Amino acid sequence: MSEQSRVTVICGHYGCGKTNLTLNLALEAAAKGEKVTVADLDIVNPYFRSSEYGGLLEEHGVHLIAPVFAGTTLDTPTLPPELYSIFEPSAGQVFIDAGGDDAGVTALGGLHTQLEETGYEMLYVINRYRVLSQTPEEAAALLQEIEGASRLKATGLVNNSHLGVETTLETLLGGLDFAHRTAQLTGLPLLYSTAPDFALKPGETLPEGFKPIQRHVKFLWE
């Protein structure tokens with residue numbers, strides 16, 4: 001994150017791993033002693049929301065702002081009034097977990113004026129192993145939809161190509177060409193590629209450009 005931006009929006013297709021990345025970035029900032037707020041704007045997809053990990057965030061001193069009906073069986077797209085507190089300096093570093101597609105980031109559209117005034121980064125998370133975003137062309141087209149719905153512009157790419165618990169070093173390396181070609185199509189810088197903490201076998205090392213992350217988000221059956 002640049003020193004000028006206090007607010008980071010994390011967006012991407014559902015299933016790309018943006019919520020897990022949000023948790024990692026928030027916990028990493030908190031570990032450095034920073035005041036951190038996570039805003040869960042995934043008001044469409046009832047699964048893999050940051051609000052499902054409120055206990056983990058609270059344990060590390062991270063403040064969570066969740067949808068009004070988070071944690072219930074209701075799925076009404078209602079944003080809490082507290083959300084607007086993210087524009088106050090007292091919120092510290094803010095990480096916004098946006099929805100998983102253009103519908104899920106529509107809520108950001110209502111905040112675009114404040115975000116532009118405050119300054120923001122918007123990370124577009126890509127995963128070549130997820131349906132509907134397996135080619136650079138598909139990933140680039142989806143970004144256009146997300147930007148149109150949110151009225152915001154992405155500032156960088158994060159390559160999060162993985163296969164869950166089946167991820168290996170070969171899996172990670174297999175996503176690099178996809179990531180570089182997506183960067184070329186979108187004109188965005190590829191900031192880094194992620195590597196789950198369990199992906200490497202003994203003796204294997206990560207190439208330059210990879211960021212190790214922990215796997216906090218798990219499937220319902222795990």
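Structure: above.
The structure presented is a predicted model; accordingly, all values stated were derived computationally and were not measured.

About the thresholds
- Residues numbered from 1 in each chain as written.
- Predicted model: local features only at pLDDT ≥ 70, side-chain atom pairs only at ≥ 80, totals over all residues.
- Heavy atoms only, no water.
- Helix = DSSP H or I, 4+ residues; strand = E, 2+ residues; numbered from the N terminus.
- Buried < 20%, exposed > 50% of the residue type's maximum accessible area, 1.4 Å probe, protein only.
- Contact = heavy atoms within 4.5 Å.
- Areas by Shrake-Rupley, 256 points an atom, 1.4 Å probe, with all protein chains shown as cover.
- Phe/Tyr/Trp six-rings, centres within 6.5 Å; stacked < 30°, edge-to-face > 60°.
- Lys NZ or Arg CZ within 6 Å of the ring centre and 35° of its normal.
- Pairing = 2+ DSSP bridges.
- Axes fitted to C-alpha atoms, helices over the stretch in contact; angles between N-to-C directions.
- Parallel < 35°, antiparallel > 145°, perpendicular 65-115°, else oblique.
- Left-handed = near helix turned anticlockwise from the far one by under 90°.
- Nonpolar A, V, L, I, M, F, W, Y, C, P; charged D, E, K, R; others polar.
- Salt bridge = Lys/Arg side-chain N within 4 Å of Asp/Glu carboxyl O.
- Right-handed = clockwise from strand over helix to strand, strands pointing away.

## Observations regarding the overall build of the protein
Right, on to step 1. For the protein, the helix and strand inventory stands at 7 helices and 8 strands.
Right, on to step 2. Within the span of the protein, comprising 222 residues, buried residues form 51% of the whole.
Right, on to step 3. Considering only contacts within the protein whose residues lie at least 6 apart along the sequence, 76% involve residues at least 24 apart.
Right, on to step 4. Accessible area of the protein: about 10,500 Å², with a carbon and sulfur share of 53%.

## Here we look at the packing of aromatic side chains
Right, on to step 1. Following the criterion strictly, the structure yields 0 aromatic pairs and no others.
Right, on to step 2. One Lys or Arg, lysine 211, reaches over the ring of tyrosine 192 and ends 5.7 Å from the middle of that ring.

## Considerations on the sheet that holds strand β3 (residues 63–65)
Right, on to step 1. Read across the open sheet, the 8 strands follow the order β3-β2-β4-β1-β5-β6-β7-β8; overall the sheet is parallel. Two strands bound the open sheet, and with one partner strand each, they are β3 and β8 (210–213). This sheet shows a mean twist of 25 degrees between the axes of neighbouring strands, independent of strand direction.
Right, on to step 2. As judged from the 3 bridges shared by strand β6 (residues 156–159) and strand β7 (residues 190–196), these two strands associate in the parallel manner. Paired with leucine 157 across the strands is leucine 190, a residue of β7.

## Structural notes on the packing of helix α5 (residues 136–150) against helix α7 (residues 176–186)
Right, on to step 1. Relative orientation of the contacting elements α5 and α7 amounts to 45 degrees, with a least axis distance of 9 Å. It follows from the interaxial angle that α5 and α7 lie oblique. Here α5 runs over α7; the crossing is right-handed. Counted together, Pro136, Glu137, Ala139, Ala140 and Leu143 of α5 and Phe178, Arg181, Thr182, Leu185 and Thr186 of α7 form the full contact between these two elements.
Right, on to step 2. Residues belonging to the contact of α5 with α7 are distributed by class as follows: 6 nonpolar, 2 polar and 2 charged.

## Brief notes about the pairing of β7
Right, on to step 1. Counted residue by residue, β7 has 5 buried out of 7 residues, so it is predominantly covered.
Right, on to step 2. Bridge count between β7 and β8: 4 bridges; the pairing is parallel. The residue of β8 that forms the bridge with serine 193 is phenylalanine 210.

## With respect to the pattern of salt bridges
Right, on to step 1. Scanning the entire structure with this criterion turns up 4 salt bridges.
Right, on to step 2. With its nearest N and O atoms 3.0 Å apart, the salt bridge here joins aspartate 177 to arginine 181. Placement of the pair is aspartate 177 and arginine 181 together in helix α7, with a separation of 4 residues, close to one helical turn.

## Looking at the pairing of β6
Right, on to step 1. Residue alternation in β6 divides its side chains into two sets, Gly156 and Val158 and Leu157 and Asn159, and both sets are buried.
Right, on to step 2. Taken together, the 4 bridges between strand β5 (residues 120–126) and β6 define a ladder with parallel strand orientation. Its bridge partner being in β6, tyrosine 124 is matched across the sheet by leucine 157.
Right, on to step 3. Crossover handedness for the path β5 to α5 to β6: right-handed.

## Observations concerning the environment of glycine 164
Right, on to step 1. Residue placement: glycine 164 occurs in the loop between β6 and α6 (169–173).
Right, on to step 2. Remark: the alpha-carbon pair of glycine 164 and proline 196, spanning 32 residues in sequence, is separated by 8.4 Å.

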